[in-house]
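Residue-level listing of the chains:
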Amino acid sequence: MPFSLAAPAHHELLIKKSRFIACIEPVAGRDEAQARVNQLKAEHPDAAHVCWALLAGGQSAANDDGEPGGTAGRPMLEVLRHQELEGVMASVVRYFGGVKLGAGGLVRAYTDAVAQALLTAEKIPLIKQAQLACSVPYALEGLVRREVDLAKAQLQEVKHGSVVSLHFVLPETQAAALMERLSESGRGQLVWLDTALIE
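Fair warning: this is a prediction, and the values are worked out from it, not measured in the lab.

1. Side note on the pairing of strand E4 (residues 49-56)
Counting buried residues in E4 gives eight out of eight residues, a clear majority hidden from the surface. Here E4 shows a buried face lined by His49, Cys51, Ala53 and Leu55 and a second buried face lined by Val50, Trp52, Leu54 and Ala56. When E4 meets strand E5 (residues 59-63), the two strands line up antiparallel, connected through five bridges. When the bridges of E5 are listed, alanine 53 appears paired with alanine 62. Between E4 and E5, which pair antiparallel in sequence order, lie two residues; one of them, glycine 57, sits at a positive phi of approximately 55 degrees.

2. Overview of helix H2 (residues 73-82)
Among all positions of H2, only Gly73, Pro75, Met76, Leu77, Val79 and Leu80 are buried. Contacts from the buried residues of H2 go to strand E3 (18-26), E4, E5, strand E6 (88-95) and helix H3 (102-119). Glutamate 84 occupies a position one or two residues after H2 and carries a positive phi of about 55 degrees.

3. Side note on unusual backbone geometry
Positive phi values are uncommon outside glycine, yet glutamate 84 reaches one of about 55 degrees. Relative accessible area serves as the criterion here: at 45%, glutamate 84 is assigned to the partly exposed category. The phi dihedral of lysine 152 is positive, around 55 degrees, even though this residue is not glycine. Position of lysine 152 among the secondary structure elements: in the loop between helix H4 (141-150) and strand E9 (154-160).

Reading guide: rules and limits
Residues numbered from 1 in each chain as written. Predicted model: local features only at pLDDT ≥ 70, side-chain atom pairs only at ≥ 80, totals over all residues. Heavy atoms only, no water. Buried < 20%, exposed > 50% of the residue type's maximum accessible area, 1.4 Å probe, protein only. Helix = DSSP H or I, 4+ residues; strand = E, 2+ residues; numbered from the N terminus. Pairing = 2+ DSSP bridges. Contact = heavy atoms within 4.5 Å.

In short, geometric facts, not functional conclusions.
Shown next, in the form of structure tokens:
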């Protein structure tokens, strides 16, 4: 089961006078990750490198930001994958201390910085959600709302036209039971609209 993070987690390492400031945080996707990297670069204008890795929405990315190829972003990405994380970005801001660490030393430093930050992170399971939508006559709106409420589904949108259209989200594992209950109690007057799975 994939996990995300409840909140950002941080850790700082000092290796041969170089500072490695790691942050692991939840992000929705690449655009948000890129915006965060730009923010980090603005916050740390004297840093030698701002390296990062991303696993979000089926996308992955790794950026060495000027470090020797494969010594920063890719090792950080592997730590995220190993922890089965999704919707998460790891970033490490490096202030160069004047002593070269070599490729192996860099890989260890970036890997350790991210791994140490993850030790303090609160991981939360990602539960696949089903998005459901149905339409009913006005007389049945209250019934559908009660059932949606009982199932602890999140009502997202209600549209009133010639009929009432209701859109709601709930854990995928509970969707079939709710659909069955609503179909039965709708007495043939409930029409299911498109349904979809969302992460």
